[in-house]
Amino acid sequence: MALFLEIKTGPMKGQTFKAKEGVCIGRVTGDIIIPDPKISSLHAEITNNKTGGLLLLDKGSSNGIWIDEHKVKTVALLPGVVFRVGRTELIVVEKAEELEVPKAPSDSTAWVGTLAKWLPGIEAQDSPMGGGISVFENPLELKFIAGPQTDESVVLGYGPRSFGNSSLDFELKDPASPFLAFEIVPRNGQAYFITNEIKLVLLNKRELREDYLKGGDIISVGTTQIRVSALRPDSR
């Protein structure tokens, strides 16, 4: 039998992750990435206690870890324990088999098929700017090269994905960012940039409402600059 963390609330509800030493939870960095704006970039890490059990340890996060209404530094990971990071509740469950996430194949066509198998587990939704959820032919990396989130990066495999100062998907911490700054949506299998804030959000220093993204493009919001890189699946 093995321990797993199951997400109880939010868009990732129902997803389950193996609990083992060294696994990190975060909004940007870690093994369990949760797009919750109240979760820190690196929020918590699983470690062993003195008796060989597992503990979840807060890594100096902004909002901490909560059990009921109590803020704690550590959580003993025992079956049935419920805790909250940010706005997301998780429960510790015990299962007989470890879940295996398939490695992305090197062939981009196979990558689409692999990721598509996981999309039914993602809550379907329509975006304000784009259509329903679909995959990109190749994953996309966004690297923050200037602004409050410098050196953070995200990899996108499906869309639409939204960015803004109150987005539950990807939070932009730049004070100049609007509520919904821009979206990246799949179009003909490619990543397509869309914004309704053409005075505040620039693509390659130009006021563009929409365009296909390519490697080397720069998205600017206030002091924030984000460099776009197209990744082949075997580069992950």
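Note that this is a predicted model, so its numbers are computed, not measured. (Residues numbered from 1 in each chain as written. Predicted model: local features only at pLDDT ≥ 70, side-chain atom pairs only at ≥ 80, totals over all residues. Heavy atoms only, no water.)

Q: So what's going on with the side chain of S220? Residues and values would help.
A: Relative to the elements of secondary structure, S220 occurs in strand β20 (residues 218-221). Overall, the relative accessible area of 12% leaves S220 in the buried class. (Helix = DSSP H or I, 4+ residues; strand = E, 2+ residues; numbered from the N terminus. Buried < 20%, exposed > 50% of the residue type's maximum accessible area, 1.4 Å probe, protein only.)

Q: So, the packing of aromatic side chains: which residues are in play, and what are the values?
A: Under the defined criterion, the tally for this structure stands at four aromatic pairs. With 5.7 Å between their ring centres and 35° between their planes, F182 and F193 make a pair best called tilted. Taken together, the positions of F182 in strand β16 (residues 182-187) and F193 in strand β17 (residues 190-194) put the pair eleven residues apart, joining distant regions of the chain. Given a relative accessible area of 0%, F182 falls into the buried group. Owing to a relative accessible area of 0%, F193 belongs among the buried residues under this scheme. Each member of the aromatic cluster is reached from another via a ring pair, and the members are F163, F170, F182 and F193. Seen from the ring of Y158, R161 lies directly overhead, with NZ or CZ sitting 4.4 Å from the centre. Over the ring of Y192 we find R187; its NZ or CZ atom is 3.8 Å from the centre of that ring. (Phe/Tyr/Trp six-rings, centres within 6.5 Å; stacked < 30°, edge-to-face > 60°. Lys NZ or Arg CZ within 6 Å of the ring centre and 35° of its normal.)

Q: Account for the sheet that holds strand β2 (residues 16-18), naming residues and giving values.
A: In spatial order, the strands read β2-β1-β11-β10-β7-β8; together these six strands make up an open sheet with antiparallel pairing. Of all the strands in the sheet, the pair left with one neighbour each is β2 and β8 (70-72). On average, each strand axis in the sheet is inclined to that of its neighbour by 35°, with strand direction left out of account. With two bridges joining them, strand β7 (residues 65-67) and strand β10 (residues 82-85) adopt antiparallel strand pairing. Following the sheet pairing, I65 is matched in β10 by V85. (Pairing = 2+ DSSP bridges. Axes fitted to C-alpha atoms, helices over the stretch in contact; angles between N-to-C directions.)

Q: Which residues make up the confidence of the model for the protein chain, and what values go with them?
A: Averaged over every residue, the pLDDT of the protein chain is 83; the share at 70 or more is 82%. Every residue in residues 101-109 scores below 50 in pLDDT, and together they form 18 contacts with partners more than four places removed in sequence or on other chains. Contacts for the low-pLDDT stretch residues 118-131, under 50 throughout, to residues beyond four places or in other chains number 29 contacts. (pLDDT = per-residue confidence, 0-100. Contact = heavy atoms within 4.5 Å.)

Q: Tell me about the environment of L56, and please be specific about residues and values.
A: Relative to the helices and strands, L56 resides in strand β6 (residues 54-58). Accessibility expressed as a relative area gives 0% for L56, which makes it buried. Spatially, the C-alpha atom of L56 lies 5.4 Å from that of T74, the residues being 18 residues apart in sequence. If we skip the residues at most four places from it in the chain, L56 touches I25, A44, E45, I46, I65, K73, T74, V75, L77 and F83.

Q: Give a description of the sheet that holds strand β15 (residues 170-171) that names residues and reports values.
A: As summarised here, the arrangement of the five strands in space is β15-β14-β16-β17-β19, forming an open sheet in which the pairing is mixed. Each edge of the open sheet carries a strand with a single partner, namely β15 and β19 (210-212). Note that strand β14 (residues 161-164) and β15 share two bridges and pair parallel. Note that in β15 the partner of G164 across the bridge is E171.

Q: Break down the pattern of salt bridges for me, with residues and values.
A: Inspection of every chain in the model, using the stated rule, returns six salt bridges. For E210, the salt bridge is made with R187, and the minimal N-O distance between the two is 3.6 Å. Taken together, the residues E210 in strand β19 and R187 in strand β16 connect sequence positions 23 residues apart. Residue class for E210 comes out partly exposed when judged on its relative accessible area of 38%. Here E207 makes a salt bridge to K199, at a shortest N to O gap of 3.2 Å. Take E207: its relative accessible area is 44%, and that puts it in the partly exposed class. (Salt bridge = Lys/Arg side-chain N within 4 Å of Asp/Glu carboxyl O.)

Q: How would you explain the pairing of strand β13 (residues 153-159) if you had to name every residue and give the values?
A: Where a strand is regular, its side chains alternate between the two sheet faces. Counted residue by residue, β13 has five buried out of seven residues, so it is predominantly covered. Sheet analysis places strand β12 (residues 134-146) next to β13, joined by six bridges and oriented antiparallel. Each bridged residue has a counterpart across the sheet, and for K143 the counterpart in β13 is S153. What sits between the antiparallel neighbours β12 and β13 is a turn of six residues, in which G147 has the positive phi angle 105°.

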